[in-house]
Structures are given as structure tokens and as C-alpha cells.
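# Structural overview for review
This is what each chain is made of:
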Amino acid sequence: MRKYILILIILLLAFTKLFAQSELNGTIYNSENNEMISYANISINGQASAVSNEQGQFSIENLKPGEYSIIISYVGYETLKKQINIAENETQNLEFNLKPVSYLTDEVTITATKTENYIQDIPVRVSLVSSRQIENIPAQTTDELLNFIPGINISRSFGIFSHQSRVTMRGLNGQEQGRVLVMIDGIPTNKADGGSVNWNLMNTDQIERIEVVKGPGSSLYGGNAMGGAINIITKKTTENFEGKVSADYGTYNTMRGQLYLSGKLNPEGEKGFYWNLNSFYRQSDGYINASEADQLANPYIVESGLMEWGTSAKLGYDINSNNTIELDLLYYDDDRATGEKVYQPEGNNREHDTYHLRAKYYGNKNKAEWNVSFFYLNEDYKRISEWMKDDYTFYKVLSNRVDFGALSTLSYSLNKQTITGGIDLKQGSVDAKDEYYTSTDIVYNRGKMNTFGLFIQDEIRLLNDKLKIVAGLRFDYANFFDGGFEIEAPTSETTFMLNYHNENLTEDNWNALSPKLSLQYEFNNNYRIYTNYARGFRPAVLDDMCRSGRIRGGFKVSDPSLQPEYLNNFELGADARLFGRLRTSLSAYYSLGNDFMYYVNTGDSIQFSYGPRPIIKASNISEVEIYGFEFEVNYRFFENIILNANYAYAHSQITNYEPLSTDDPVDLTGKYLADVPNHMATATLQWQNKIVNAGITAKYMGKRWVNDTNQYDDIVQDSQYDAYTIMDLKLSKSIKKIFVSLNVQNILDTKFYNSKGAVNPGRFITLELGIRF
Amino acid sequence: MKVYKPFIISIFLCFTFSCTEDELSETNPFVILKPGAEYTKDGASIPVGGQIKFGISAVGDGAAITNLTVQRITDEEVITELDRGMYIKTGGLDTTVTFVKGPAELETWRFIIMNGHRDTASVSAVINLGEGSAYGEINYFSSITIGFQNNTELPYYIDLHTGNTYNNTTVEGHEPSIDLASYYYLSSGKSSPTLSCPGYETARYYHPEMSSWTVQNSTLYDYETTDYDLITIEEFDAAQNDSLLVNGYIPGSVSGTCKYCYTDKIIPFKTSDGKYGLIKVLHADEFDTGYMEIAVKIQK
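Residues numbered from 1 in each chain as written. Chains lettered and ligands numbered in written order. Predicted model: local features only at pLDDT ≥ 70, side-chain atom pairs only at ≥ 80, totals over all residues.

### Observations concerning the overall build of chain B
The following threshold applies: In this description a helix means any DSSP run of H or I spanning at least four residues, a strand means any run of E spanning at least two, and both kinds are numbered starting from the N terminus. In this setup the radius of gyration rests on C-alpha atoms only. A globule is expected at 2.2 Å times the number of residues raised to 0.38. Backbone-placed C-beta atoms define the burial measure: a residue is buried with 20 or more other C-beta atoms within 10 Å of its own, exposed with 12 or fewer, and partly exposed in between. The contact criterion used is a C-beta to C-beta distance within 7 Å, with each C-beta placed from the backbone.
Scanning chain B from N- to C-terminus turns up 5 helices and 18 strands. For chain B, whose C-alpha radius of gyration is 24 Å, the value lies well above the compact-globule estimate of 19 Å for 300 residues. Oriented by its inertia axes, the alpha-carbon framework of chain B measures out at about 90 × 55 × 35 Å. Here chain B holds 300 residues, and 39% of them are scored as buried. Here the analysis covers contacts within chain B between residues at least 6 apart in sequence; of these, 62% occur between residues at least 24 apart.

This is the structure we're talking about:
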């Protein structure tokens, strides 16, 4: 019922139309050379209103008398905002000068140092997905917006039908989200239970930009930021009222409605409340992802459809120009079928019921800036599993995962340096059970992890700001407690686990020290080089510490004494702007990992219903060597055509593997990390013009090893996945308040398969129609 | 702005109060042993090796019946003879099960059903040990050869009751009597000549023709006895009646597929019509165009 209410609301708003009257004429220039800029976007009070013609001119008629906020934007230029007053029957003729973005980008980032800095001023590699790119990139989900950043590896086998996605980078295993920290407005979202992130939570409409810091960020953020940190920044309105409502329809009978409303009660004043509300609903019939052979063998294969909806609300108050408090609430609910249905009404499926609360107070006075945040993330995960083999089996996995904490940062700027420090307190917990309905078994697991972090960082600027040094150090202490693994009323489904029944798993603790030192020399506005060393770590996940159970390849036993794994990273990078229109960047890195966690054969075996399987457990046993480089080029052919291309190479190899048992038949020494492509390349072309704006992208994914043993996989029928190329296209057009866009993902209908032989959705087309107000 | 306030409020209200959660109310499923001359009566005396036959009737009280468990309880142990998942939404459960009397003086047979709310009900019957022995005759097929999935010359399917073999052409009309099919694959990198049956999903992956059969028999193989060589070749060769066939089968470790059936393995099985048997692997290739040669002993 609720979905129909939401659709009705969206439709009602879609037909809401605001009328206006009067006239504004304008001409848009490049502020550096006075050339006229064609096809720039002009919006008034947040609604797209015009596009400049080939002479850089535009005209907006029928404006009502009053005050207007004009926003002019164009790829490669800083967005210009201007307030104007128009009297009754007045015709205003104005000139607007857009400033080209200098160097790689003049964008400000906060993620790399927890202080505001221009990207080119930070001696690490930071990539940015801007609001303009978010509009132009053909993406259905938040993680897909990152697809075209060099070195980013996204694992989303089934497009929007994937119940989870993993985003990793720089040669780290593509199946492990816990090695990259993901934040929303600086608040961590990796769950302590498995290190995973629900990338489906957020609607792309609520995202202002995404900052990606590559290489270890543990000196500021602690655990998970071992390979890098991704910070999703949500929108904060400065307008009195603006909004957007849209609906799209596409392949597999996929339909979505989106609503975004925002406002500020006193947009011109220092004080005042601001708010926004974002809701979306999506459903799809889905498709059959099983191979043809599986479909022949299994009569219970069906389409893997989905239903999801989410809403988020932000309420903030600017106490004055220096202090702000903000509260964010997010709720998300989904139901994704996995493509097999025997008796249950929705078949095998997964559901996430998520609440995310974030409260923040930030401000500044004189040379000090501070930020205090509280967060609470509750996820109720439910998985229904049913199948018919020898007989019918039906059970539910019910897992409650809670992560909450408080984060604080204080920065103080002296003459040529900025000192930043802070304290973080976090707790993560899991309370889960596997409840069988075709036998009496119930299997429980639970555990908690407290983490305390303390960090300090110094940013020093020398030699007329040409030389910048950033040094940082963080100490983390964690303890695992309240762990248990229990089996109730076991039958043949679970009796083999009885040896691991333990109501009170041993408490354990660990600590980690994460240093960082980076230097940068900026020759002038067009050239810079930097180098850095940083150490990052990933904590063990609760799932490995307190849950035993079947996993692919054997039976996993829990180990509460698991310690963190570490990565020491050395990096060298350079950026250059050549011939005015060409911008390039190159980064090379060398990483040594130690205590890497792998599932290791204990030498014992356990009897499953389908034969003996090895007993394995996650252990800190491996040393890993990763090195690679990333090269990016951005070329502006004309004012309205921009090409971005990049290539990333990664070599990831296990250099030392110490088995737990002499009976372990596996030796991973010399093997390559699974799911890491050696070669990745992407190209993006953005073309803005009077008729239709176009964004076309292509991504090449090189071959990847299927498993860590680099062995032949009988399902994939190879030891490596095939390389493939995906091309996407987005065409969009705005006519006054109305906008329409055509999204085509995987134009070439490229097929690729995962380790279970399941295939991707293929070509996926959606047509969106909406209105801005 | 005022225009949108009702929408915002209504969105919050419907999002906040429209959440639902599965709630299971308590139910009272019910199970009885069916009366009738064909069934073994409560309190009956049966000699060791004699057949015990029960008729079971059960209802789920508004919820689907999801499990039937049968336990043989003696002074010394509780053996789960049957633990079967199912989903019977309407009409209730009506089934017949057969077992073989063991050597214990007194056996209590307990029948437990569970429904989709995880509520249970049970009924019991006591069977005494009768005089003498009732172990029965067996059929012996000393050599049967079948091919793996990519073998283009040999037949793929066996009727274990007769020892007859069939290929995809000759099996037409005989599908309801097929108990065994084999295939070869690498299981997590380990070579596995495998025995299976038409009722097992994975077998249909390797022999897709079986997918269209209207009757897909499920033979259960005892993988624990197989893996740990609990029956020797000498014991197999010496078996003259069905004693070893019945007692060598461990009902708690059975599956419709049996991996790692290498040469000289002994594999206990039970067909879908309740016949116990033993397979001796005389030869097993370890490639998918190869074949298996087996000897079979099965209850008459």
C-alpha cells in the first residue's frame, strides 16, 4: 500500500506547475579570454530555465517581479551564483563571466585531512565525483558513480538487482568491502559484522559529491580505511525552496519514482533552519540470472525481481555564520529475490531494513574549527533460503547489526601550519540466528566490538606554500566481548557444528598504530609532485570472530582472537596541465601487506550431507605485495566537449603463506589475489549542446583470478574470468522546468558471469521524466 | 511552501507506520498413526530383519507441514531414521514409511511433525522383538557399466532393481524405474566420480534429459559409510541376505548424491520405494568421458 501512496504523491507533485512572468536576457563569457560560452545551463531558483545559444546568449521570459537566484553552470567552469531583482515589466540585460577551473580542479575536499583543502594542495591522490558528473554519468546506484575513477574496482554482478556491491581500489581483493572505508558526510557506514556497506541505501539525487582518497587513511579514520576512504557528501540547500520529482521506466518492467524537496527558512540570513527530504521507490520484475544449464537442471529458477524504497530527511540549523547543528535520518527497506522459488511466496530473497541516524555539530571561531558527530546505524537483515534437493529445506537468517558511536575533530591553524586532532568511540555488534523451518535447528551467533581511537595530524606549509608536509598518527584500541555461538535442537542440518557450540567465546583485544607522512612540492599552478607513506589496517569482522558455518569451499570456524591486518603504502604522484586544455595525473604505489586475513585450512575435515569438507578459519597468515600505477588524462576539445580517460595497472600477489597445519594442501605463496584486474581502463566523453546533453562512458575490466588458489574453477570453467568492456550512454534534455533523460547501461549487451555461473542483466535502458521546481 | 507540508507529513506518516513484521501465532498441529491391516500395530512383535510399516496422517492447523521426523528409540540410543523436510500447505500429510526391525528387545518408534510456525506434535508406537530372523533374499548384479555425462558410447541410467541400463533413447518409457545416474566433476578442485539419481537437482545439470521426466526417483546414498570405508569389500562379497544391506545403511548421513566414488568404494543406498542395497565400485575413471563399473546387491 505504501508504495502506491508514494507513487500517488509523486504523480501529484509532477503535475504541479508554477507559472511566472517578465524578462531576463544574458550573455555568458569566459572570464579569462572573453570568449562566449555556448550551451551553458541557466537555472532560476533551482529550476533549469534556459541553455545559452552559440553566441553565449539566453533569454528567459514571463518572469514575475521579485528576487531571483540565478545559477549558471558549465563543464570545466566554476558554477556562478547571482541574486537579481526584477521589477514589473522590466527587461534586464546582464553579462555573466564564468571562471575556468584551474589546474586539475579547484574543488575543495575535506576527506583527505579532515580540514578544508583544495585537492591540488593535498599530497595524496584524491578523486572527486562532482555534482555535474553525477548528472551526466549513466548510473543507477551510488557505487556506479565511482565506476570511472582510476583504479576503482566495483563488484556488482547483477546491476540494480544485486543485494550488495563492493567497491575496492588499488589491487585489493574485489570481494572485500572492509578494506575500504565508506562514509556518508564523514560518518562511517562499514558494519562491524562483516565490513560491508549497503550501497543501495542512498538515492543518487541526494548526493552533492563524492570524495575518494586513495591509499591508507587509517591515520585519520582508523579501521577499514586500509585501502582508501570514500566520503559521500549529501546536499545542503541554500535556497528558500527547491525540489524535483521524477519517474522512470525501463528494462524488465523496472519503474522508479523519486522526490527531492529542500528549503531554507532564511536563505539570506546567517541564522535559520534548512531541511531536505528525499524519497524513492523502485520495483522491477527482474530477470533470470541462472545459466541455461542451471535452468534445465532446476525447475525452481525464476526471475530475480526487486522492490526497494527509502527516505531520508535532513534538518539543520545555522546558529550563526560560524556554528551549525544538523540531524540526518535515513530509512531504507528492500526485498531482492535471488532467482529461485520453491514454496515461499517470494522465494529465496534478501531484505534489509535499515535506520541510520546522524547528528552533527560543527563550527569555527578565530583559528579553531571543530566537528562533533554521533551516529547510530541499525540494520535488520533477513534472508530466506529454500531449495529442493533430497528433500525440501527452508530456513531464515535473521541478523540484527548495530553500529553506533561518537566522533570528534578539532583543528587549530597557526601561521603556517594546521594541527588537527580528535577522539573516536565506536561500538559494533551482531545478534543473529539461522532458524530452520523444515527441521528443529536454530543456530545463534552474537558478538560486540568496542573501538577507541585517538589521532593527531599536522599540516605544514613552507617555501611560500610551495612545499607542504602532512604528518599524522593514530592509535586504535579495540576489544571483542559478549561473543557466543550456540546451536539449539540440532538435527542432521547442524549436528556437525556441535563441536563449536560455545556460549561464551573468549574475549580478546588488540591495538593498532597508523602513521602517515606526506610531502608535496608545487612548482606553479600547473605542476606538482608528491610522495607519501601511510600505514592502514582492517579490523577483523565479527562474522569471522563469532560465527561458524558453511561457506564456499568448506566449513568456517570462528576465531575471536583474530588480529587486524596491515598495509604499508608508499606512493609517488605528479600532476600537470599542458597546452591549456590537457590535464594529466600519474600515481604509482607500492604496498606491503602483513597479517592479511585469509581462510586457511586447519587440516581437519567435517562431514556435510554432500561429503567431507575441509575446516577452515580466517587467520592472519599472509604477506602480500601490491604495486601499480594510475594514469589519467582530461582533455577539453572544445568548450562543450570534454574527454576523460584513465588506465590503472595493479599487481597483487601473496608473497608468504604460512599454513596452520602441515596437512593443509594449499600453498598460496606466489598466488595472485582474487577478483583483482591487472588492467582497467575507462573513458568518459561529455558533450553539452543545444539539442541534447550527452555522456558516454566505456570501461574495460581485465582478467581476474576466480579464487585465491588460482585454480581451475569448475563453474567458471577457467581459472580467470574473461576480460570485458562495458559502454554506457546518457542523453538528457531540459525544457524549462521539465527534464527528460535516457539512460542506457551496457549498450553492447556484454555478458559476464560470476563465480556461481550467474549472468549480469545485460543491456539496461531507462527513460526518466521529471520536473524541477 | 504550505502546499507541500501535507505531502511531507503524509510521507513521514506512511513511512513511519506502514512497517510490518512477520508474526507467527501459536498453532496446534496433529499427527496420528493410521489404522489398517497393512500397517504394523502398536505393541506388535516383529523378528529382527522383519519389515515395519507405518501409515502417518497429520494436519498443520492452518500452517504448512514442514517436517516429518521418525526416531527409533531403544534403551541404548535414539536413531533418527527419517528427517524429511516438506511443504504441505493443504490437505495434510498422508504417507507410508517402511523400516526394518533391529535386534533390540523393545523399540519405541516416535513420529514428530512440525509446521511452518515451528510448532510440533508427536505420536509413538512400541514394537517388540519377535522370534527368529526375517532377513530376506537379495538380487546380485556382478557387473554393470555406465558412462559419465560426456561418454557418448555407454548408457547413463540404471534400474537398480533389475540391473538394466539405458541411454537417452532406450530409457523412453522406463523413466519411472531409473534409480541411478552418474557423472564426473571437480568438487572444489578434487576429482569426484559421483553417483546420483534423477531426483537430485545437480544430476539434472549433467544429464539435462532427466529434467523432463515426469517421475524422478530419489535414491539416498550413505556418504559417511562410503567416505570412511565402514563396509569392507570382503563384507560386501560375503553378504548372502539383506542383513548387511539394512544394517550398513546409516540414515543420518544420506544424500541424493555421493561424491568421491573411487574404485573399491562400498556405497550403501536406499531406493525411493524403500529397498536397501550396496554398491561396490569395480572401476571409476576420473574424467568426464569415462565410465564406472559397479556391482550391486539389493533387497528382493
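### Some remarks on the domain arrangement of chain B
Residue and element names in this part refer to chain B. Heads up, the condition is: Where each domain begins and ends is defined by an automated method or by a domain database. Side-chain classes are defined by residue name, with Ala, Val, Leu, Ile, Met, Phe, Trp, Tyr, Cys and Pro counting as nonpolar, Asp, Glu, Lys and Arg as charged, and the others, Gly among them, as polar.
Domain boundaries in chain B define domain 1 (30–133) and domain 2 (138–299). Distance between the C-alpha centres of domain 1 and domain 2: 27 Å. Taken residue by residue, the interface counts 6 residues in domain 1 and 5 residues in domain 2. Secondary structure elements with two or more residues in the side of domain 1 that touches domain 2: strand S5 (78–88) and strand S6 (93–100). Of the residues forming the side of domain 1 that touches domain 2, the biggest block, 3 residues, is contributed by S5. Its residues assigned to classes, the side of domain 1 that touches domain 2 shows 2 nonpolar, 3 polar and 1 charged.

### Quick notes on the sheet that holds strand S13 (residues 190–196) of chain B
Residue and element names in this part refer to chain B. Heads up, the rule is: The pairing criterion is simple: DSSP has to find at least two bridges between the two strands. Angles here are taken between N-to-C directions and fall from 0 to 180 degrees, while the axes themselves are lines fitted to C-alpha atoms, restricted in helices to the stretch in contact.
Ordered by their spatial adjacency, 4 strands build an open sheet running S11-S10-S12-S13, and the pairing between neighbours is antiparallel. Among the strands making up the open sheet, the edge pair consists of strand S11 (164–166) and S13. Averaged over all pairs of adjacent strands, the angle between strand axes in this sheet comes to 30 degrees, irrespective of strand direction. The sheet contact formed by strand S10 (residues 157–159) and strand S12 (residues 180–187) spans 2 bridges and is antiparallel. Following the sheet pairing, Ile 158 is matched in S12 by Leu 180.

### Concerning the sheet that holds strand S13 (residues 181–184) of chain A
Residue and element names in this part refer to chain A. Spatially, S10-S15-S16-S13-S14 is the arrangement adopted by the 5 strands of the open sheet, whose pairing is mixed. Each having just a single partner strand, strand S10 (126–129) and strand S14 (187–188) make up the two edges of the open sheet. Judged from the 4 bridges that link them, S13 and strand S16 (residues 228–234) form a sheet pairing that is parallel. In the sheet register, Leu 181 faces S16, and the bridge partner there is Ala 229.

### A few points about the confidence of the model for chain A
We apply this condition: Confidence of the predictor at the level of single residues is given by pLDDT, which spans 0 to 100.
For chain A, per-residue confidence averages 89 on the pLDDT scale, and residues scoring 70 or more make up 96% of the total. Throughout residues 8–20 of chain A the model reports pLDDT below 50, and contacts reaching past four residues in sequence, or to other chains, amount to 18 contacts.

### A look at the confidence of the model for chain B
All names here are of chain B. Scored by pLDDT, chain B has a mean of 89; 91% of the residues are at 70 or more. Counting contacts from residues 1–21, a segment whose pLDDT is below 50, to residues more than four positions away or on other chains yields 17 contacts. Interface confidence in the predicted complex, given as ipTM, is 0.80; pTM for the same model is 0.85.

### Quick notes on unusual backbone geometry
Even without being glycine, Asn464(A) reaches a positive phi, approximately 55 degrees. For Asn464(A), a count of 8 C-beta atoms within 10 Å corresponds to the exposed category. At Asp61(B), a position not held by glycine, the phi torsion is positive, near 60 degrees. The topology assignment puts Asp61(B) in the loop between strand S3 (51–59) and strand S4 (65–73). Residue Asp61(B) is classed as partly exposed on the basis of its C-beta count, with 16 C-beta atoms lying within 10 Å.

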